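Analysis of the macromolecular model
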Amino acid sequence: MNKIDNTQHDSEIIRNFGFPSADVIADSTLSGWRSLFTVLHKQRLDTDECQRPATAQHQLVLYCGGTESGEVSFNQESWKKYTKRKNEWYIAPAGGSGSVWRWKNMTETDQDSYIFRILLSAQSLADAALQLNADSSINLIPRIGIVDDFMLQLARQLRDEMIAPSLYGCSYGEALSAVLSIHILKNHAELKTIEVPGNGSLSMQKRELVREYIAENLDGVLSLDEMAALVSLSKFHFSRLFKNTFGMAPYRYIYNARMNLLARLLADSDEPLYSLADKVGFSYSTNLIRAFRRFKGVTPMEYRKAIRG
């Protein structure tokens, strides 16, 4: 099992989840997953009340014990009665002030009660919304008693991969995270459209700022987050306004800019292709040749030969 027995790991568990590391059955510390963290732990019933701190990630909590009832307070709000049943979900959005639980009764033995937690990064949901072209804010509210068989199947896959990692475990976990993010957006989140002031395009000043930034950084990694920050916009707004302004998505504009630069360099210099590849943000590989062929219909060397007669 992916369990690390050291002081630093124990303190992380206690700080992030509010329960002793001794209760942890397994966690994904060694899985190498970037966009999610999972932990399987015992349900502590030796106290009448427990506090769960808020986390910077969205928590998807699968209850795996017998029926439990009690009271819960989310974000220091008023107490509400709850009932949790086996294979039901509880969603705890990122941030806030955490939750406090008071349980009253349990229908099965303590030994049969445990919980599987998935910490899904807020960025994963934001990226999924961007891929869906959702120019919206994501609103998750605390919900309990959710029955979702598809999430249950994903959770079982993640649990099995966490406990017995496979050769493809890292990539597999990230792929499941992407599917889970889209599923949460589709079924358990509210997407609120944000009105963008003005005519829905970048101003002349911001347009030139972005154009110059891209032109000066074609040899490196062009991040959507950095470009959005450059003009003081969220990347959701930036992506939509960019497309309205330039008539294409940012990735397409950057691809065209890189291929146009490569075409000029092929025509004006005798540098080998591997040297030019660095100047247009590509590694020297068949990927660059394929990309240029899609753009011009010929390979880089064929283009150079033709353009020089």
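Whatever comes next refers back to the structure up there.
Residues numbered from 1 in each chain as written. Predicted model: local features only at pLDDT ≥ 70, side-chain atom pairs only at ≥ 80, totals over all residues. Heavy atoms only, no water.

Quick look at the pattern of salt bridges
Taken as a whole and judged by the stated rule, the model has 9 salt bridges. The salt bridge partner of R85 is E88, with a shortest N-O separation of 3.9 Å. Of the charged contacts in the structure, one is a salt bridge between R211 and E208, with a shortest N-O distance of 3.3 Å. Residue R211 and its partner E208 are both found in helix α5 (residues 204-216); the two are separated by 3 residues, about one turn of the helix. One continuous salt-bridge network, built from bridges that share partners, spans E49, E71 and R102. (Salt bridge = Lys/Arg side-chain N within 4 Å of Asp/Glu carboxyl O. Helix = DSSP H or I, 4+ residues; strand = E, 2+ residues; numbered from the N terminus.)

A look at the sheet that holds strand β1 (residues 24-27)
Read across the open sheet, the 6 strands follow the order β1-β2-β9-β4-β7-β11; overall the sheet is antiparallel. Two strands in the sheet have a free side with no partner beyond their single neighbour: β1 and β11 (143-146). For this sheet, the mean inter-axis angle between neighbouring strands, taken without regard to orientation, is 20°. Bridge count for strand β2 (residues 36-42) against strand β9 (residues 114-121) is 7 bridges, and the pairing is antiparallel. By the bridge assignment, L40 is partnered in β9 with F116. Of the strands in this sheet, β1, β2, β4 (57-63), β7 (88-92) and β9 are in contact with helix α3 (residues 149-163), which crosses β9 at around 95°. (Pairing = 2+ DSSP bridges. Axes fitted to C-alpha atoms, helices over the stretch in contact; angles between N-to-C directions. Contact = heavy atoms within 4.5 Å.)

Concerning the environment of S234
Inspection of the secondary structure puts S234 in the loop between α6 (224-230) and α7 (235-246). With 10 residues separating them in the primary sequence, S234 and L224 have C-alpha atoms 9.6 Å apart.

Some words on the packing of helix α8 (residues 250-268) against helix α11 (residues 300-307)
Following both chains from N to C, one finds α8 and α11 inclined at 50°, their axes separated by 9 Å at the closest point. By the criterion of interaxial angle, the relationship of α8 to α11 is oblique. Remark: the crossing between α8 and α11 carries right-handed chirality. Along the contact surface, α8 presents A263, L265, L266 and A267, while α11 presents P300, M301, Y303, R304 and I307. Grouping the amino acids of the contact of α8 with α11 by side-chain chemistry returns 8 nonpolar, no polar and 1 charged. (Parallel < 35°, antiparallel > 145°, perpendicular 65-115°, else oblique. Left-handed = near helix turned anticlockwise from the far one by under 90°. Nonpolar A, V, L, I, M, F, W, Y, C, P; charged D, E, K, R; others polar.)

Notes on the side chain of R52
Structurally, R52 can be placed in strand β3 (residues 49-52). For the buried residue R52, which engages in no salt bridge, the nearest side chain bearing the opposite charge is D23, 7.0 Å off. Not counting the four nearest positions on each side in its chain, R52 is found in contact with F17, G18, F19, H41, Q43, G98, S99, W101 and R117. (Buried < 20%, exposed > 50% of the residue type's maximum accessible area, 1.4 Å probe, protein only. Lys, Arg positive; Asp, Glu negative; His and termini not counted.)

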